[in-house]
Amino acid sequence: MNDFETILLDRHGRVGVITLNRPEALNALNSLLMTEVVAAVEGLDHDPGVGAIVITGSERAFAAGADIKEMQSKTFAEVYTDDLFTQWDRLSAARTPIVAAVAGYALGGGCELAMLCDFIIAADTAKFGQPEIKLGVIPGIGGSQRLTRAVGKAKAMDLCLTGRTMGAEEAERSGLVARVVPAADLLEVALEAATTIASMSLPIAMMAKEAVNRSFETTLAEGVKFERRVFHSTFATADQKEGMAAFVEKRAPKFVGG
Ligand code: CAA
């Protein structure tokens, strides 16, 4: 399972766990790591035995950003022609729910990778920021867009223009983070959340993810219409019959993923 150099890939039941593993560089996202994370997510996403994915880093760093040493001498023509970082966009095509478990630094591309996940569980040690401006660049993996949608214009401008970092508590208060937990409990809580998700009906979880994501792409009226149609379609599944029967019969549901 671990034919990777910069990440570790594990399975905990129906949960796939990707651990960023470049400790010498605080998990800076170089091109190999980008290729490996995308390949690992796509592999898990296409595996019907996987119902949720966790992406995590180390105690010290989720990821300290794109690899500055690798980028430093690139020319405009190179980054433009290669469309640098476009590979990361493939993570948003994943249909399996993805939880980011963040401890320590999540800066620049690290913060952006966490935001590419469906929600973030943060250790109380987590530090988020978009410090690219201090390097003479701007966010390049969606930070200016996803951070603004998550925390609003005021805080996104503050973080992108000053390059300051924000702690876990501020990140939760601002809506960037779903939960903050003691650092020692981070992986356990993230795995518990992912295991709960993976115990649901996979197609229904995919529909819930798709419906929430649609809200970022469309008007309220269109989004509600989309949600209603998808809600109606859940009645075509055996899992809707099972979920409601289990409630009425006062027992736990047994979802079959169909
Ligand atoms: N790229 C490459 N190497 C990095 C790195 C990065 N983003 N972040 C840290 N490292 C390396 C350091 O160079 C250092 O390696 P050496 O020992 O070989 O010098 C090692 O990781 C440990 O880092 P520090 O010694 O700097 O550790 P620290 O505890 O003193 O500081 C830090 C930690 C504040 C996170 C600091 O490392 C830092 O500021 N890192 C850069 C953060 C940053 O600017 N991120 C944005 C990158 S640009 C980007 O991400 C663009 C985009 O949107 C796509």
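In every chain, residue numbers begin from 1 and rise along the written sequence. Only residues with pLDDT of 70 or above have their local features reported here, since the model is predicted, and side-chain atom pairs are shown and tallied only from 80 upward, although totals for entire chains, interfaces and linings are computed over all residues. Each side-chain value is derived from all of the structure's non-hydrogen atoms; neither hydrogens nor water enter the calculation.

Short version of the rule: UniProt positions are given in the numbering used here, feature names are shortened, and annotations may be inferred rather than shown by experiment.
By the naming in an unreviewed UniProt entry, the protein is Enoyl-CoA hydratase, taken from Rhodococcus kronopolitis. Entered under Function (unreviewed entry) in the UniProt record, the comment concerning the protein runs "Could possibly oxidize fatty acids using specific components." Turning to the protein, the UniProt annotation filed under Sequence similarities (unreviewed entry) states: "Belongs to the enoyl-CoA hydratase/isomerase family."

**Notes on the overall build of the protein**
Put simply, the rule reads: Only DSSP runs of H or I with at least four residues qualify as helices, and only runs of E with at least two residues qualify as strands; both kinds are numbered from the N terminus onward. The quantity called the radius of gyration is restricted to C-alpha atoms. Its globule counterpart is 2.2 Å times the number of residues to the power 0.38. Contacts are residue-level and defined by heavy atoms, with any inter-residue pair within 4.5 Å sufficient. Note that accessible areas follow from Shrake-Rupley with a 1.4 Å probe, and for residues the cover is restricted to the protein chains shown. Asp and Glu are treated as the negative residues and Lys and Arg as the positive ones, with His and the ends of the chain left uncounted. Lys charges are placed at NZ, Arg charges at CZ, Asp charges at CG and Glu charges at CD.
On a plain count of helices and strands, the protein comes out with eleven helices and ten strands. Here the C-alpha radius of gyration of the protein, 19 Å, is about what a compact globule of 258 residues would show, namely 18 Å. In terms of overall dimensions, the protein has C-alpha extents of about 60 × 45 × 40 Å along its principal axes. Across the protein, every contact between residues at least 6 apart in sequence was considered, and the portion connecting residues at least 24 apart equals 65%. Carbon and sulfur atoms make up 58% of the accessible area of the protein, which totals about 13500 Å². If you average the places of the 26 positive and of the 33 negative side-chain charges in the protein, the two averages end up 7 Å apart.

**A closer look at unusual backbone geometry**
For the record, the criterion: Burial classes follow relative accessibility: with a 1.4 Å probe on protein chains only, a residue under 20% of its type's maximum area counts as buried, one over 50% as exposed, and anything between as partly exposed.
A positive phi angle, near 50 degrees, is found at Asp83, a position not held by glycine. Inspection of the secondary structure puts Asp83 in the loop between helix 3 (76-82) and strand 5 (98-102). Note on Asp83: relative accessible area 44%, which makes it partly exposed. Phi is positive for Phe85, which is not a glycine, with a value near 80 degrees. Within the fold, Phe85 resides in the loop between helix 3 and strand 5. Classification of Phe85 as buried rests on a relative accessible area of 14%.

**With respect to helix 11 (residues 238-248)**
This is how it is decided: Directions from the helix axis toward the C-beta atoms define the arc.
Those residues of helix 11 that sit buried are Asp239, Gln240, Glu242 and Ala246. Viewed end-on, helix 11 has its buried residues packed into an arc of 165 degrees, placing them on one side of the element. Of the surrounding secondary structure, the elements contacted by the buried residues of helix 11 are helix 10 (220-234). Trailing helix 11 by a residue or two, Lys250 shows a phi angle of about 55 degrees, which is positive.

**As for the sheet that holds strand 3 (residues 52-56)**
Heads up, the condition is: Two strands pair under a simple rule: DSSP has to find at least two bridges between them. Between N-to-C directions, angles span 0 to 180 degrees; the directions come from axes that are lines fitted to C-alpha atoms, helices contributing only their stretch in contact.
The strand order across the open sheet built from six strands is 1-2-3-5-7-10, with neighbouring strands paired in mixed fashion. Each end of this open sheet is capped by a strand with a single partner; those strands are strand 1 (7-12) and strand 10 (179-181). Neighbour-to-neighbour, the strand axes of the sheet open up by a mean angle of 20 degrees, direction not taken into account. Bridge count for strand 2 (residues 15-20) against strand 3 is five bridges, and the pairing is parallel. Across the sheet, residue Val15 finds its bridge partner in strand 3, namely Ala52. On the sheet, helix 8 (residues 186-198) packs against strand 1, strand 2, strand 3, strand 5, strand 7 (119-123) and strand 10 and is oriented at approximately 155 degrees with respect to strand 7.

**Focus: the site of the ligand**
To keep things clear, this is the line we draw: Residue proximity to a molecule or strand is established when one non-hydrogen atom of the residue lies within 4 Å of it. By the criterion applied in these results, polar contacts are pairs of N or O atoms within 3.5 Å in which, for protein atoms, one can donate a hydrogen and the other can accept it, and in which residues neighboring in sequence qualify only through two side-chain atoms. Under the scheme applied, nonpolar residues are Ala, Val, Leu, Ile, Met, Phe, Trp, Tyr, Cys and Pro; charged residues are Asp, Glu, Lys and Arg; polar residues are all the others, including Gly.
If you check the shell around the ligand, you find 24 residues, and the closest are Arg60, Ala66, Gly109, Glu112 and Glu132. In this structure, a nitrogen atom belonging to the ligand sits 2.9 Å away from a main-chain N or O atom of Ile68. Taking Glu132, its side chain carries an N or O atom lying 2.5 Å from an oxygen atom of the ligand. Protein contact buries 66% of the 980 Å² of open area that the ligand shows by itself. Those elements that provide at least two residues to the shell around the ligand are helix 2 (68-71), strand 6 (105-107) and helix 4 (109-116). Looking at which element gives the most residues to the shell around the ligand, the answer is helix 2, with three residues. Counted by class, the shell around the ligand contains 14 nonpolar, four polar and six charged residues.

**Some points on the sheet that holds strand 6**
Backbone-to-backbone hydrogen bonds pair the strands of a sheet. The strands run either parallel or antiparallel. Reading across from one edge, 4-6-8-9 is the order of the four strands in this open sheet, with mixed pairing throughout. Whereas interior strands pair on both sides, the edge strands pair on one side only; in this sheet they are strand 4 (61-63) and strand 9 (165-167). The mean angle between the axes of side-by-side strands here comes to 20 degrees, regardless of whether they run parallel or antiparallel. In this structure, strand 4 lies alongside strand 6, joined through two bridges in parallel fashion. Within strand 6, the residue paired with Ala61 across the bridge is Tyr105. Strands in contact with helix 4 are strand 4, strand 6 and strand 8 (127-129); relative to strand 6, the strand with the most contacts, it is inclined by about 90 degrees.

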